[in-house]
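Fold and contact review
Now for the letters of each chain:
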Amino acid sequence: AQSVTQLDSQVPVFEEAPVELRCNYSSSVSVYLFWYVQYPNQGLQLLLKYLSGSTLVKGINGFEAEFNKSQTSFHLRKPSVHISDTAEYFCAVSYTGFQKLVFGTGTRLLVSP
Amino acid sequence: DTAVSQTPKYLVTQMGNDKSIKCEQNLGHDTMYWYKQDSKKFLKIMFSYNNKELIINETVPNRFSPKSPDKAHLNLHINSLELGDSAVYFCASSPWDLTKISGANVLTFGAGSRLTVL
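What you see is a predicted model; the values in this text were computed from it and never measured.

Time to look at the layout of surface pockets. There is about 270 Å³ of room inside the largest pocket. Taken together, 19 residues make up the lining of the largest pocket; nearest its centre are Asn41 of chain A together with Gln37, Lys41, Val88 and Arg114 of chain B. Looking at the lining of the largest pocket, the elements that each hand over two or more residues are β9 (87-94) and β11 (113-117) of chain B.

Laid out in structure tokens, this is it:
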């Protein structure tokens, strides 16, 4: 069965520092990968997606992620975070489409001044 | 113009009551979903409908009954509410066919409905 692991439940970081949020998925031949962000008391918003092609994917708000097939990872990065990036971040994986999208347990990014 | 809208945003009710949450999408998507997010932020799919037809029905008590009158609407009715039903319920929609994904035309979520059962 497909699964997603986000090892870090919480990542504290200072403003303007770089950050990496880790995501690993169970292995498969082909996979679709997504990162979603949830700001407090809001729904989930798509940050970026990998369907095929270039392994480095750029998203909104300066975030990017790299698909690494050999390590079955899809880590999210941002070179310099802002206070407004404080939110919950969810990695999600599917092998067949949105109908079977499986979410990780989320990583709470806490940005402090 | 809200893409996926759900009502009510907040719902506080007593154990044993029956309640409904409504969802509408104006994105022209074929598929709609209900997700449940618990107090630990864990997000789990409950149901998926494609063109009014039930596609996914995860292990959910049969007190939960989704209804899709047309492909733009998916409502969730919950009978005999229990304390453990307290959660945030998210409606979402997406294209059925992944090849139709472009730009923001992906799995799109509503703002959530926070249900509190007392």
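With that out of the way, let us pick up the confidence of the model for chain B. Averaged over all residues, the pLDDT of chain B equals 89, while 92% of them reach at least 70. When the elements of chain B are averaged for pLDDT, strand β6 (residues 53-57) of chain B gives the smallest value, 79, and strand β3 (residues 19-25) of chain B the largest, 97.

A few words on the confidence of the model for chain A. Mean pLDDT over chain A stands at 90; residues scoring 70 or higher make up 93%. Put simply, strand β11 (residues 102-103) of chain A is where chain A has its lowest mean pLDDT, 88, and strand β3 (residues 19-21) of chain A is where it has its highest, 98.

This brings us to the state of the cysteines. Scanning all chains against the criterion turns up two disulfides over all chains. Note on cysteine connectivity: Cys23 of chain A is disulfide-linked to Cys91 of chain A, with sulfurs 1.9 Å apart. Between Cys23 of chain A and Cys91 of chain A the sulfur-sulfur dihedral comes to about -65°; the bridge is accordingly left-handed. Placement of the pair is Cys23 of chain A in the loop between β3 and β4 (24-25) and Cys91 of chain A in strand β10 (residues 87-94), with a sequence separation of 68 residues. In this model, Cys23 of chain B is linked to Cys91 of chain B through a disulfide, with the two sulfur atoms separated by 1.8 Å. Since a negative S-S torsion denotes a left-handed disulfide, the Cys23 of chain B-Cys91 of chain B link at about -80° is left-handed. Here the residue Cys23 of chain B occupies a position in strand β3, and Cys91 of chain B occupies one in strand β9, the gap between them amounting to 68 residues. A relative accessible area of 2% places Cys23 of chain B in the buried class.

Throughout the structure, instances matching the rule amount to eight salt bridges over all chains. Two residues, Lys71 of chain B and Asp30 of chain B, come together in a salt bridge whose shortest N-O distance is 3.2 Å. Here Lys71 of chain B is found in the loop between β7 (64-70) and β8 (73-78), whereas its partner Asp30 of chain B is found in the loop between β3 and β4 (31-37), with 41 residues between them in sequence. The class for Lys71 of chain B is partly exposed, based on a relative accessible area of 34%. For Asp30 of chain B, a relative accessible area of 21% puts it in the partly exposed group. Because the salt bridges share partners, they merge into one network encompassing Glu20, Glu66 and Arg77 of chain A.

Turning our eyes to something else, we now look at the packing of aromatic side chains. Two measures describe an aromatic ring pair: the distance that separates the ring centres and the angle between the ring planes. Considering all chains together, one arrives at twelve aromatic pairs over all chains under this definition. Arranged with centres 6.3 Å apart and planes meeting at 35°, the rings of Phe64 of chain B and Tyr89 of chain B form a pair that is tilted. Here the residue Phe64 of chain B occupies a position in strand β7, and Tyr89 of chain B occupies one in strand β9, the gap between them amounting to 25 residues. Look at Tyr89 of chain B and you get buried, because its relative accessible area is 0%. A connected cluster of aromatic rings, assembled from ring pairs, spans Tyr36, Phe90 and Phe103 of chain A together with Tyr33, Tyr35, Phe90 and Phe109 of chain B.

Between Thr7 of chain B and Pro8 of chain B the backbone carries a cis peptide bond, its omega angle lying at 0°. By the element assignment, Pro8 of chain B lies in the loop between β1 (4-7) and β2 (10-13). Positive phi, normally seen in glycine, also occurs at Thr72 of chain A, with a value near 45°. Structurally, Thr72 of chain A can be placed in the loop between β8 (64-68) and β9 (73-78). Positive phi outside glycine occurs at Ser80 of chain B, with the angle close to 45°.

Definitions and cut-offs
- Residues numbered from 1 in each chain as written.
- Chains lettered and ligands numbered in written order.
- Predicted model: local features only at pLDDT ≥ 70, side-chain atom pairs only at ≥ 80, totals over all residues.
- Heavy atoms only, no water.
- 1 Å grid on protein atoms, 1.4 Å probe; cavity = no way out; pocket = protein on both sides within 12 Å on 5 of 7 lines; lining within 4 Å.
- Points joined across faces, edges and corners; volume = space filled by probe spheres on them.
- Helix = DSSP H or I, 4+ residues; strand = E, 2+ residues; numbered from the N terminus.
- pLDDT = per-residue confidence, 0-100.
- Disulfide = S-S within 2.5 Å.
- Buried < 20%, exposed > 50% of the residue type's maximum accessible area, 1.4 Å probe, protein only.
- Salt bridge = Lys/Arg side-chain N within 4 Å of Asp/Glu carboxyl O.
- Phe/Tyr/Trp six-rings, centres within 6.5 Å; stacked < 30°, edge-to-face > 60°.

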